[in-house]
Structure formats: C-alpha cells, structure tokens
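A look at the structure
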Amino acid sequence: MKVISLSVIFVVLGINFLISVPALADTNMSVANNFEIGQKVMWLYKNRPDAANVQKIPAEVVKLSPKKVQIKVRRNNEFINRWVSPKKLEIFPNIQKLPSV
C-alpha cells in the first residue's frame, strides 16, 4: 500500500513538473533583444487601429520587457513615455559620418 501511494505521488509530481517547464521558458525575450536602451527608433504610429496612414515618429528606447518596449517621445516640448509592441518599431537608420574637409 505504501509503495502504491509513493508511486502515485511521484507520478503526480512528474506530471506537474513536465507541464510547468515549458511555461518557464521565456520565448518573447528574443523580440525585445533586438533593441538596446538608448537606441534611436522609429515608432510606426496609427491614431486609430483602422486608420490607413502610418506616421513615423522618432523615439528613444527607455526600458525593455519580454513583450513590450518603453519608448520616450517628444510631444509639445516635453517628453512622454509609451509602452509599445516591438512590432511597431523600426531601428533608426544609421547616418554615416562624412569626412570633414
């Protein structure tokens, strides 16, 4: 009787462990790893979800989370922070320095 109860406990613990292991994996962090704090980006902003035109707004990365990126945007002579999806950000094009004459 003791052997059966111990084996049931181990089976239940094993099943719980196998279910929880994939939940511990952080698969979304690779999306946010494309960005660095302080990096210049372009925010692809729509004023409504069904709007046709997309505005490209310059911004700077402030914080990173597994699913969202916090950016700093200039609005009316002040800076505001917004959490946005990494899918709505483009890396700001690098401007090569020209040799000075």
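This section reports on the structure supplied with the text. (Residues numbered from 1 in each chain as written. Predicted model: local features only at pLDDT ≥ 70, side-chain atom pairs only at ≥ 80, totals over all residues. Heavy atoms only, no water.)

Moving on to the overall build of the protein chain. When you go through the protein chain residue by residue, the secondary structure sums to 2 helices and 5 strands. When the elements of the protein chain are put in sequence order from the N terminus, they spell out α-α-β-β-β-β-β. A total of 101 residues make up the protein chain; the buried ones form 19% of that total. The long-range share in the protein chain, meaning contacts at least 24 apart out of those at least 6 apart in sequence, stands at 36%. Here the protein chain displays about 8500 Å² of accessible surface, and carbon together with sulfur accounts for 60% of that area. (Helix = DSSP H or I, 4+ residues; strand = E, 2+ residues; numbered from the N terminus. Buried < 20%, exposed > 50% of the residue type's maximum accessible area, 1.4 Å probe, protein only. Contact = heavy atoms within 4.5 Å. Areas by Shrake-Rupley, 256 points an atom, 1.4 Å probe, with all protein chains shown as cover.)

Okay, the environment of Lys56 next. Relative to the helices and strands, Lys56 is located in strand S2 (residues 55–64). Put simply, Lys56 and Met42 are 14 residues apart on the chain and 5.8 Å apart in space, counted from C-alpha to C-alpha. When near neighbours in sequence (up to four residues on either side) are disregarded, Lys56 contacts Met42, Trp43, Leu44 and Glu90. Within the structure, the side chain of Lys56 is placed 3.5 Å from the side chain of Glu90, a separation counted as a polar contact. (Polar contact = N/O pair within 3.5 Å; in protein donor to acceptor, adjacent residues only side chain to side chain.)

Looking now at the nonpolar core. In this structure, Phe35, Val41, Trp43, Ile57, Ala59, Val61, Val69, Ile71, Val73, Val84 and Leu89 together form the largest nonpolar core, which totals 11 residues. Taken together, the elements giving at least two residues each to this core come down to strand S1 (40–45), S2 and strand S3 (69–75). In this structure, Ile71 is in contact with Val41, Trp43, Ala59, Glu60, Val61, Val62, Ile80, Asn81, Arg82, Val84 and Leu89, ignoring residues within four places of it in sequence. (Core = buried A, V, L, I, M, F, W, Y, C linked by side-chain atoms within 4.5 Å.)

This part covers the pattern of salt bridges. The full count for this structure, using the stated rule, is 3 salt bridges. The partner of Arg48 in a salt bridge is Asp50, with the nearest N and O atoms 3.1 Å apart. (Salt bridge = Lys/Arg side-chain N within 4 Å of Asp/Glu carboxyl O.)

This next bit is on the pairing of strand S4 (residues 78–84). The side chains of a regular strand alternate between both faces of the sheet. By the bridge criterion, 7 bridges tie S3 to S4 in an arrangement that is antiparallel. The residue bridging Lys72 from the neighbouring strand is Asn81, located in S4. Turn length for the S3-S4 hairpin, with the two strands adjacent in sequence and antiparallel, is 2 residues, and the turn residue Asn76 shows positive phi of about 55°. (Pairing = 2+ DSSP bridges.)

Residues Leu6, Ile9, Phe10 and Leu13 make up a contiguous nonpolar surface patch of roughly 420 Å² in combined accessible area. Mapped onto the elements, Ile9 comes out in helix H1 (residues 2–24). (Patch = residues over 30% accessible without salt bridge, like charges linked within 9 Å, V, L, I, M, F, W, Y side chains within 5 Å.)

Right, let's talk about the packing of aromatic side chains for a bit. For the structure on display, the rule yields 1 aromatic pair. The aromatic ring of Phe79 is capped on one face by Lys72, whose charged end is 5.1 Å from the ring centroid. (Phe/Tyr/Trp six-rings, centres within 6.5 Å; stacked < 30°, edge-to-face > 60°. Lys NZ or Arg CZ within 6 Å of the ring centre and 35° of its normal.)

With that settled, consider the side chain of Gln70. Mapped onto the secondary structure, Gln70 falls in strand S3. In this view, Gln70 contacts Glu60, Val61, Val62, Lys63, Asn81, Arg82 and Trp83; residues no more than four positions away in its chain are not counted.

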